Amino acid sequence: AENRLFLIGSGPVGMRFVYSILHYAPSAEVLLFGNEPVQPYNRVQLSSLLAGKVTREAIDLPLPGADRHPNFSFRMVPIRLIHKEEQFVIDQRGQRHHYDVLVIATGARAHVPSIPGLACGGVYSFRSLLDAETLYARVVRSRHTVVVGGGLLGLEAAKGLLRHNTQVTLVQQGPRLMNRQLDEEAAIRLRERVESLGIRVVVHSGVRAILGESRVRAVQIQSGEEIECDTVLLCAGIKPNTQLALMANLRVATGIVVDDRLQTS
């Protein structure tokens, strides 16, 4: 129990790990770091929150109680650096924390495609609770929202946006919806279902530019068509957060490289 175990990342994966460790060793010394200024929550349910299917409280992931787990603690502070030789981390406030075992569960962030006009007001990504809350406030008065990306997240977001009486257009660069998961026939059925909800679907045509001065007025797609809108939601995939690992000289490829025991280099 004298092993100090640090965990960077308080998303669903990090929390699941904490619950598992404390299940086997209730008095283990576990320090969890989260980089958002809120209690841990289930990111997977953000689109349900947007759609009004769940409440804000329902997506919270409860922290282990001090009575059963006296040596667990949670800090709402991002980690800035990992010193693997001397086994300590430095947080954003400049404080050092010495560990025996370090687990990295830093997840991913929204991929933002490099297209002109991203700085316009009314452009959002959808990855964090703050994103969801900002978007929720926005969409109540949005007349036409363009969702960029026809993968699972884009589809979930588009459906969630419908309840606010906003017109929704989904623009997918690939040849079909969910092109990584579905074959041609399944994608056609999915598209029919999505369109029956009242969502316009444009495939084979990525967004090439967001148009507007200070606020979004339209997007221009590959075909040259301009789609008038007041809100753009980017759901174009995710990128692993590998910065901490890179700075610590750990091996990184698409994500952080691990062996069969999930150990880093």
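Draft legend 1. Here's a closer look at the overall build of the protein. Of the regular secondary structure elements, the protein holds six helices and 17 strands. In terms of its C-alpha atoms, the protein occupies a principal-axis envelope of roughly 60 × 40 × 35 Å. Per-residue burial for the protein yields a buried fraction of 42% across its 265 residues. Excluding contacts between residues fewer than 6 apart, the proportion of contacts in the protein whose partners are at least 24 apart in sequence is 60%. When the accessible surface of the protein is summed, it comes to about 14600 Å², and 50% of that surface belongs to carbon and sulfur atoms. A gap of 2 Å separates the mean positions of the 30 positive and 25 negative side-chain charges of the protein.

Draft legend 2. Main features of the state of the cysteines. Within the structure shown, the criterion is met by zero disulfides. Free of any disulfide, C229 has its nearest neighbouring cysteine sulfur in C120, separated by 9.6 Å. Residue class for C229 comes out buried when judged on its relative accessible area of 5%. Left unpaired, C235 is separated from the closest cysteine sulfur, that of C229, by 14 Å.

Draft legend 3. Representation of the sheet that holds strand β3 (residues 72-75). The four strands are arranged β3-β2-β1-β7 in an open sheet whose pairing can be described as parallel. Since the sheet does not close on itself, it has two edges, and those belong to β3 and β7 (101-104), each with one partner. Direction aside, the axes of adjacent strands within the sheet are offset by 15° on average. As paired strands, strand β1 (residues 4-8) and β7 are joined by four bridges and run parallel to one another. Each bridged residue has a counterpart across the sheet, and for I8 the counterpart in β7 is I104.

Draft legend 4. The nonpolar core, seen in detail. Among the nonpolar cores identified, the biggest contains 26 residues, and L46, F126, L135, V147, L161, L170 and L233 are the most heavily contacted of them. Listed by contribution, the elements that provide at least two residues to this core are α2 (46-50), α3 (129-139), α4 (152-162) and β11 (167-171). Filtering out sequence-adjacent residues up to four positions away, L135 remains in contact with L50, Y124, F126 and L233. V148, I210, I227 and V232 belong to the second-largest nonpolar core, a separate cluster that totals 16 residues.

Draft legend 5. Main features of the sheet that holds β11. Spatially, the five strands line up as an open sheet ordered β9-β16-β10-β11-β12, and their pairing is parallel. This sheet does not close on itself; its edge strands, each paired only once, are β9 (123-125) and β12 (200-202). Strand after strand, the sheet turns through a mean of 20° between neighbouring axes, direction not considered. For strand β10 (residues 144-148) and strand β16 (residues 231-234), the ladder comprises four bridges, and the chain directions are parallel. Along β16, the bridge assignment pairs V146 with V232. Relative to the sheet, α4 contacts β10, β11 and β16, its axis offset from that of β11 by approximately 170°.

Draft legend 6. Molecular detail of the packing of aromatic side chains. The final tally for this structure, using the stated rule, is two aromatic pairs. Plain terms: the ring middles of F6 and F33 are 5.6 Å apart, the flat faces sit at 70° to each other, and that makes the pair edge-to-face. Of the two residues, F6 sits in strand β1 while F33 sits in strand β2 (residues 29-33), which places them 27 residues apart along the sequence. Centroid distance F6 to Y99: 6.0 Å. Interplanar angle 55°. Geometry classified as tilted. Note that F6 is positioned in strand β1 and Y99 in the loop between β6 (96-98) and β7, a separation of 93 residues in sequence. The class of Y99 is buried, set by a relative accessible area of 8%. The structure contains a cluster of three or more aromatic residues connected by ring pairs, namely F6, F33 and Y99. Across from the ring centre of F88, 4.1 Å away, lies the NZ or CZ of R96, which sits over that ring.

Criteria and thresholds
- Residues numbered from 1 in each chain as written.
- Predicted model: local features only at pLDDT ≥ 70, side-chain atom pairs only at ≥ 80, totals over all residues.
- Heavy atoms only, no water.
- Helix = DSSP H or I, 4+ residues; strand = E, 2+ residues; numbered from the N terminus.
- Buried < 20%, exposed > 50% of the residue type's maximum accessible area, 1.4 Å probe, protein only.
- Contact = heavy atoms within 4.5 Å.
- Areas by Shrake-Rupley, 256 points an atom, 1.4 Å probe, with all protein chains shown as cover.
- Lys, Arg positive; Asp, Glu negative; His and termini not counted.
- Charge placed at Lys NZ, Arg CZ, Asp CG, Glu CD.
- Disulfide = S-S within 2.5 Å.
- Pairing = 2+ DSSP bridges.
- Axes fitted to C-alpha atoms, helices over the stretch in contact; angles between N-to-C directions.
- Core = buried A, V, L, I, M, F, W, Y, C linked by side-chain atoms within 4.5 Å.
- Phe/Tyr/Trp six-rings, centres within 6.5 Å; stacked < 30°, edge-to-face > 60°.
- Lys NZ or Arg CZ within 6 Å of the ring centre and 35° of its normal.

By themselves, these observations are geometric and do not establish any function.
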